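# Close look at the chain arrangement
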Amino acid sequence: MFTGIIEDIGVVRNIKKGSESVVLSIGSDRIMDDVRIGDSVAVNGVCLTATTVSKDGFTADVMPETLRRSSLGELKRGSRVNLERAMSAGGRFGGHIVSGHIDGTGVVKSLKAEDNATWVTIEAERGILKYIVEKGSIAIDGISLTVAYVDDSCFKVSVIPHTASETTLLAKEPGDIVNLENDIVGKYIDKLIHFDETKTTGKGIDMNTLMENGFI
């Protein structure tokens, strides 16, 4: 579990490609003091498992499904990535609930400065936009951000200088791909509302069912 508060900007040192998977080697100056083999680290919002660890970096296996669902396949040697360790039980919950399980990707449409902030517009599929609400939370490349605008084709966030300096978001250009993770609460609510019990029990809720159980 993560919070979307980025701890370091790492650098991709090497990419070892398999037939359909890759092994990423990532350098970091700030998070390696307590990362151990088997620990979870969010890389641009994607939860990966550290398979080897050194004082200044780690490696992680990236399976084919992760490459299909995220932008990690776009990384190159020298790419800068947002890093966050899994949340500790006694830590402050500064962002929102982030699982590191990407729902899909979006495309940066524009970046526009407004005084000390920058508006970032992201285009996304309707399947992702359905869970995005104004003033709700979204994780973009692992960064917990507040949605300031949403319509049927895109959403916008306003990025403050601190977030700009501590993450890679404003280094993006129009056309770049970013990882998106919706607020998990909305996804659970949608599942419960639309869950069809007849597919698992063979019996739906009707007047007889309500009478048999004392509701009417």
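Here, every reference points to the structure presented above.
Residues numbered from 1 in each chain as written. Predicted model: local features only at pLDDT ≥ 70, side-chain atom pairs only at ≥ 80, totals over all residues. Heavy atoms only, no water.

### Description of the overall build of the chain
The helix and strand inventory of the chain stands at six helices and 12 strands. With respect to the three principal axes, the spread of C-alpha positions in the chain is 65 × 45 × 40 Å. Within the chain, the fraction of its 216 residues that count as buried is 39%. Residue pairs in contact within the chain that sit at least 24 positions apart in sequence constitute 67% of those at least 6 positions apart. Per element, the accessible surface of the chain, about 12,300 Å² overall, is 51% carbon and sulfur. One finds the centroid of the 24 positive side-chain charges in the chain at a distance of 4 Å from the centroid of its 31 negative side-chain charges. (Helix = DSSP H or I, 4+ residues; strand = E, 2+ residues; numbered from the N terminus. Buried < 20%, exposed > 50% of the residue type's maximum accessible area, 1.4 Å probe, protein only. Contact = heavy atoms within 4.5 Å. Areas by Shrake-Rupley, 256 points an atom, 1.4 Å probe, with all protein chains shown as cover. Lys, Arg positive; Asp, Glu negative; His and termini not counted. Charge placed at Lys NZ, Arg CZ, Asp CG, Glu CD.)

### Some points on the side chain of Thr59
Counting through the fold element by element, Thr59 comes out in strand E5 (residues 57–62). Accessibility expressed as a relative area gives 17% for Thr59, which makes it buried. One polar contact links Thr59 to Thr52, side chain to side chain, over a distance of 2.5 Å. Residues contacting Thr59, with those up to four places away along its chain left out, are Val23, Leu24, Ser25, Thr49, Ala50, Thr51 and Thr52. (Polar contact = N/O pair within 3.5 Å; in protein donor to acceptor, adjacent residues only side chain to side chain.)

### Here's the deal with the side chain of Ser70
Here Ser70 is to be found in the loop between helix H1 (64–69) and strand E6 (80–85). Within polar-contact distance, the side chain of Ser70 engages the backbone oxygen of Thr66 at 2.7 Å. Excluding residues within four positions of it along the chain, Ser70 makes contact with Val46, Ile102, Thr105 and Asn179.

### Considerations on the sheet that holds strand E11 (residues 154–159)
Spatial strand order, E7-E8-E11-E10-E9-E12: six strands in a closed barrel with antiparallel pairing. Direction aside, neighbouring strands of the sheet carry axes that sit 45° apart on average. The sheet contact formed by strand E9 (residues 137–140) and strand E12 (residues 177–182) spans three bridges and is antiparallel. Counted as the bridge partner of Ile138 is Asn182 from E12. (Pairing = 2+ DSSP bridges. Axes fitted to C-alpha atoms, helices over the stretch in contact; angles between N-to-C directions.)

### Some words on the environment of Val22
Looking at where Val22 falls in the secondary structure, it is placed in strand E2 (residues 22–27). You can call Val22 buried: its relative accessible area is 11%. Spatially, the C-alpha atom of Val22 lies 29 Å from that of His96, the residues being 74 residues apart in sequence. Apart from residues no more than four positions distant in its own chain, Val22 is found in contact with Ile15, Lys16, Lys17, Ala60, Asp61, Val62 and Leu67.

### Here's the deal with the pattern of salt bridges
If you walk through the whole model with that rule in mind, you get 10 salt bridges. When the shortest N-O distance is used, the salt bridge between Arg30 and Glu166 registers 3.4 Å. One end of the pair, Arg30, is in the loop between E2 and strand E3 (40–43); the other, Glu166, is in helix H3 (residues 161–166), and 136 residues separate them in sequence. Looking at Arg30, the relative accessible area reads 49%, which means it is partly exposed. Relative accessible area serves as the criterion here: at 24%, Glu166 is assigned to the partly exposed category. Measuring nitrogen to oxygen at the nearest pair gives 3.6 Å for the salt bridge that ties Lys130 to Asp190. (Salt bridge = Lys/Arg side-chain N within 4 Å of Asp/Glu carboxyl O.)

### Structural notes on the packing of aromatic side chains
Scanning the entire structure with this criterion turns up zero aromatic pairs. Against the face of Tyr149 rests Lys156, its NZ or CZ located 5.0 Å from the ring centre. (Phe/Tyr/Trp six-rings, centres within 6.5 Å; stacked < 30°, edge-to-face > 60°. Lys NZ or Arg CZ within 6 Å of the ring centre and 35° of its normal.)

### Details of the sheet that holds E6
Pairing within the closed barrel is antiparallel, and its six strands lie in the order E1-E2-E5-E4-E3-E6. On average, each strand axis in the sheet is inclined to that of its neighbour by 45°, with strand direction left out of account. Sheet topology note: the strand E1 (residues 8–17)/E6 ladder contains four bridges and is antiparallel. The residue of E6 that forms the bridge with Gly10 is Val81.

### What to know about the pairing of E5
Across the six residues that make up E5, a large majority, five, are buried. Direction of pairing for E2 relative to E5: antiparallel, over a ladder of six bridges. In the sheet register, Leu24 faces E5, and the bridge partner there is Ala60. Relative to E5, strand E4 (residues 46–54) runs antiparallel, the two being bridged by four bridges. By the bridge assignment for E5, Val53 is matched with Phe58. Hairpin remark: E4 followed by E5, antiparallel, with two residues in the connecting loop.

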